[in-house]
Amino acid sequence: QVQLQESGPGLVKPSGTLSLTCAVSGGSISSSNWWSWVRQPPGKGLEWIGEIYHSGSTNYNPSLKSRVTISVDKSKNRFSLKLTSVTAADTAVYYCARVGYCSGTFCSPVGIDPWGQGTLVTVSS
Amino acid sequence: QSALTQPASVSGSPGQSITISCTGTSSDVGGYNYVSWYQQHPGNAPKLIIYEVSNRPSGVSNRFSGSKSGNTASLTISGLQAEDEADYYCGSYTGSSTVIFGGGTKLTVL
């Protein structure tokens, strides 16, 4: 089954750029699914950051849109997140995930499944 | 976009049933059957437990059920068990091609 694994620096300086990569295994990133990033500040709820299709089409959270770029590398079966001008408010566990639920040959476009294990990114000097 | 509205906490005794509500607008919850629910235990990633309002992924207990009326979706857990104690989040597609989550509900099994 599809598995996702986030990687990237765990510490970013204020005003810097947060960069994370999500490696997809057990399936192709070129399947008929979107791929997303979701974050969760410590002790708080989930916040959807955005999503990308293998064609490169993207959708972003309006509140983050000016600072976010999500890209895809089909040759490496992975997608990435860049968040610029970070502040302490961007400290969170960042998850990558597949959009849609699939079981066997059935796929629904609804739901986020599976999720990566998440990676904590702290913004601090 | 504002978060969907969920109660901050609910509780119930083992064997009882509880319901968690998730209120949005006609631009998200009420406009599409694209509501999903997630269970998150401390230190773990969220897990999809309901998609398309009322469908359960393979392997999810049939004690979990979902429904929707107007702009409010609901998650019901019947036959509460200690292992159900977790945070629960609803999520919905919006007409702006984005996803919005609820603020989360902490379920305590007494």
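Quantities reported herein were computed from a predicted structural model and do not represent experimental measurements. (Residues numbered from 1 in each chain as written. Chains lettered and ligands numbered in written order. Predicted model: local features only at pLDDT ≥ 70, side-chain atom pairs only at ≥ 80, totals over all residues. Heavy atoms only, no water.)

1. What to know about the sheet that holds strand 1 (residues 3–7) of chain A
The strands that make up a sheet are held in pairs by hydrogen bonds between backbone atoms, and each pair lies either parallel or antiparallel.
All names here are of chain A.
Then comes step 1: Sheet architecture is open: four strands sit in the order 1-3-8-7, paired in antiparallel fashion. Here the strands that pair on one side only, and so sit at the sheet edges, are strand 1 and strand 7 (68–73). Direction aside, the axes of adjacent strands within the sheet are offset by 20 degrees on average. (Pairing = 2+ DSSP bridges. Helix = DSSP H or I, 4+ residues; strand = E, 2+ residues; numbered from the N terminus. Axes fitted to C-alpha atoms, helices over the stretch in contact; angles between N-to-C directions.)

2. Topic: the interface of chain A and chain B
Many structure descriptions define interface size as the accessible area lost when the parts assemble.
Then comes step 1: With 25 residues of chain A in contact, the opposing surface of chain B contributes 20 residues.
Then comes step 2: Roughly 1,700 Å² is buried in total at the junction of chain A and chain B, and carbon and sulfur atoms are behind 66% of that figure.
Then comes step 3: The three residues of chain A that bury the most area against chain B are Leu-46, Tyr-101 and Val-110 of chain A, which together make up 34% of that side's buried surface.
Then comes step 4: Taken together, the links from chain A to chain B amount to zero salt bridges.
Then comes step 5: Remark: the boundary between chain A and chain B carries six residue pairs in polar contact (both at pLDDT 80 or more).
Then comes step 6: Those elements that place two or more of their residues in the side of chain A that touches chain B are strand 4 (34–40), strand 5 (47–52), strand 6 (58–60), strand 9 (92–103) and strand 10 (106–115) of chain A.
Then comes step 7: Among the elements that line the side of chain A that touches chain B, the one with the most residues is strand 10 of chain A, at eight residues. (Contact = heavy atoms within 4.5 Å. Buried area = accessible area lost by both parts, 1.4 Å probe. Salt bridge = Lys/Arg side-chain N within 4 Å of Asp/Glu carboxyl O. Polar contact = N/O pair within 3.5 Å; in protein donor to acceptor, adjacent residues only side chain to side chain.)

3. What to know about the nonpolar core
Within soluble globular proteins, side chains that are nonpolar tend to cluster in buried spots.
Then comes step 1: Counting 25 residues, the largest nonpolar core has Leu-18, Trp-37, Phe-79, Leu-81 and Tyr-94 of chain A as the members making the most contacts within it.
Then comes step 2: By size, the runner-up hydrophobic cluster in this structure holds 23 residues, among which are Trp-37, Ile-49, Leu-107 and Val-109 of chain B. (Core = buried A, V, L, I, M, F, W, Y, C linked by side-chain atoms within 4.5 Å. Buried < 20%, exposed > 50% of the residue type's maximum accessible area, 1.4 Å probe, protein only.)

4. Looking at unusual backbone geometry
Then comes step 1: Put simply, Asp-113 of chain A and Pro-114 of chain A share a cis peptide bond, and its omega is -5 degrees.
Then comes step 2: Note on placement: Pro-114 of chain A falls in strand 10.
Then comes step 3: With phi around 50 degrees, Ser-85 of chain A is a residue other than glycine that occupies positive phi space.
Then comes step 4: Mapped onto the secondary structure, Ser-85 of chain A falls in the loop between strand 8 (78–83) and strand 9.
Then comes step 5: The phi torsion at Val-53 of chain B lies on the positive side, around 75 degrees, for a residue other than glycine.
Then comes step 6: Relative to the assigned elements, Val-53 of chain B resides in the loop between strand 4 (47–50) and strand 5 (64–69).

5. A short note on the sheet that holds strand 5 of chain B
Residues and elements named next belong to chain B.
Then comes step 1: Sheet architecture is open: three strands sit in the order 2-6-5, paired in antiparallel fashion. Every interior strand has two partners, whereas the edge strands, strand 2 (18–23) and strand 5, have only one. In this sheet, adjacent strand axes meet at a mean angle of 20 degrees when their direction is disregarded.
Then comes step 2: Sheet analysis places strand 2 next to strand 6 (residues 72–77), joined by six bridges and oriented antiparallel. Bridging from a neighbouring strand, Thr-19 pairs with Thr-76 of strand 6.

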